[in-house]
Amino acid sequence: MNNRLARIGLMSAVLAIVLLPVYWLVSTSLKSNREITQEGTLYPHGPTLDNYIRLFTEKQFGAYLTNSLVVTFFSVTIALFCGALGAYAIARFRLPFMMERKVGLFLLTLRIVPPVVILIPVYLLMLRLGLLDSWLGLIATYTAFNITFCVWMMESFFREIPVDLEEAAMVDGDSRFGAFRRITLPLAAPGLAATAIFAVLVTFNEFLFALALTATPRAMTMPRGTATLIGRIDTDWASMSAAGVIGALPIVVFALLVQRHLVRGLTMGAVK
C-alpha cells in the first residue's frame, strides 16, 4: 500500500511539473496584458478570448498558420516519399565497398550540421532562383533537410522486413516497385508514422530559415509570424501566449492521429 501511494505521489509530481508550463501558457493567453505584466496573477481573474480574436483580426495570424500547415504538409510528404525510396534502396541493394552501411551515417552527418552554417548559401540560392518569400522556397529548403533524416530513419525499418515477402510477390508476377508498394510499404507504416512525426515537429517549429527566407505575411510561417509580436518597446505577451496555444494544436492533433503507429514505429527500428 505504501509503495502504491509512493508511486501515485511520484507520478502526480511528475505530471504537475510537465503540465505546469501548459497551464501557464493557456492561462496567460486568457489574461489581459495589464494582468500579466502588472498584477502577475496565478490564474485569469477575468478570462477573455480577446487575445485569440485579435490574433486573427489584427495580427494576420491566420495567414501565418496557413503557411505553416501548407509548407509542413508538402515538405514532409515529399521528404517521406523520396526518403522511403532511398532508404529502401540502401536496405535492399548492395553498393561497391559495402557503402550501403555508411550512406546512412553520412546522410545523418549532413543533417546535424548547424543550419546557420549554410544559411547564407541557401539564401543566395533562393535569391538567384527567385524563391524568396514564397511557399516553394520554404518547401524546397525543408524538403532537402528532411530527406536526409527520413532516409536514415527509414533504413532500419526496411531492414527488419523479411526479403522473402517481396520475393514471393515477385515470383507471383509483381514488379520490384509493385512489391515495395503493396507489401513493404504497408508493413513499414509504423516506421513512416514515427519518421513523419519527427519531421513534422522539426519543420513546423523551424524558425531560422523562415526568418531569413520570408519577409511578408504571404509566406511567413507561424514561428516567424509570432516573432513579429515582439516590438522594440513592448511585447504583446497575451497574444504570444494565444499564438503558442493555437500553434500547438495542429501538432497535438497530428500526434493523436498517428499515436497507434508511433510506439510500434519507435521500437520497430530500435536495432540498427
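Looking at an unreviewed UniProt entry, one finds the protein named Carbohydrate ABC transporter permease and attributed to Mesorhizobium australicum.

Glancing now at helix 7 (residues 135-159). Here helix 7 contains 25 residues, and its C-alpha end-to-end distance of 35 Å stays within 8% of the 36 Å for a straight helix at 1.5 Å per residue. In helix 7, a bend of some 25° at Asn-146 exceeds every other bend along the element. Most of helix 7 sits out of view: 18 of its 25 residues are buried.

A word on empty space enclosed by the protein. Under the defined criterion, the tally for this structure stands at one cavity of 30 Å³ or more. Each pocket or cavity is described by its volume, and for the largest cavity that value is around 30 Å³. Surrounding the largest cavity, Ser-68, Val-71, Thr-72, Tyr-142, Thr-203, Phe-204, Glu-206, Thr-221 and Pro-223 form its lining. Within the residue set of the lining of the largest cavity, elements represented by two or more residues are helix 4 (61-92) and helix 10 (189-204). A total of three residues in the lining of the largest cavity trace back to one element, the largest contributor, which is helix 4.

This part is about the packing of helix 7 against helix 10. Remark: helix 7 packs on helix 10, axes separated minimally by 10 Å, with the N-to-C direction vectors making an angle of 155°. Considering their axes alone, helix 7 and helix 10 lie roughly antiparallel with respect to each other. The crossing of helix 7 and helix 10 is right-handed. Taking contact as the criterion, the partners of Tyr-142, Asn-146, Phe-149, Cys-150, Met-153, Met-154 and Phe-157 in helix 7 are, on helix 10, Gly-191, Leu-192, Ala-194, Thr-195, Phe-198, Ala-199 and Thr-203. Each residue belonging to the contact of helix 7 with helix 10 can be placed in one class, and the counts come to ten nonpolar, four polar and no charged.

Reading the values: the criteria
Residues numbered from 1 in each chain as written. Predicted model: local features only at pLDDT ≥ 70, side-chain atom pairs only at ≥ 80, totals over all residues. Heavy atoms only, no water. Helix = DSSP H or I, 4+ residues; strand = E, 2+ residues; numbered from the N terminus. Expected span 1.5 Å × (residues − 1). Bend = angle between axes of the 7 residues up to and from the residue. Buried < 20%, exposed > 50% of the residue type's maximum accessible area, 1.4 Å probe, protein only. 1 Å grid on protein atoms, 1.4 Å probe; cavity = no way out; pocket = protein on both sides within 12 Å on 5 of 7 lines; lining within 4 Å. Points joined across faces, edges and corners; volume = space filled by probe spheres on them. Axes fitted to C-alpha atoms, helices over the stretch in contact; angles between N-to-C directions. Parallel < 35°, antiparallel > 145°, perpendicular 65-115°, else oblique. Left-handed = near helix turned anticlockwise from the far one by under 90°. Contact = heavy atoms within 4.5 Å. Nonpolar A, V, L, I, M, F, W, Y, C, P; charged D, E, K, R; others polar.

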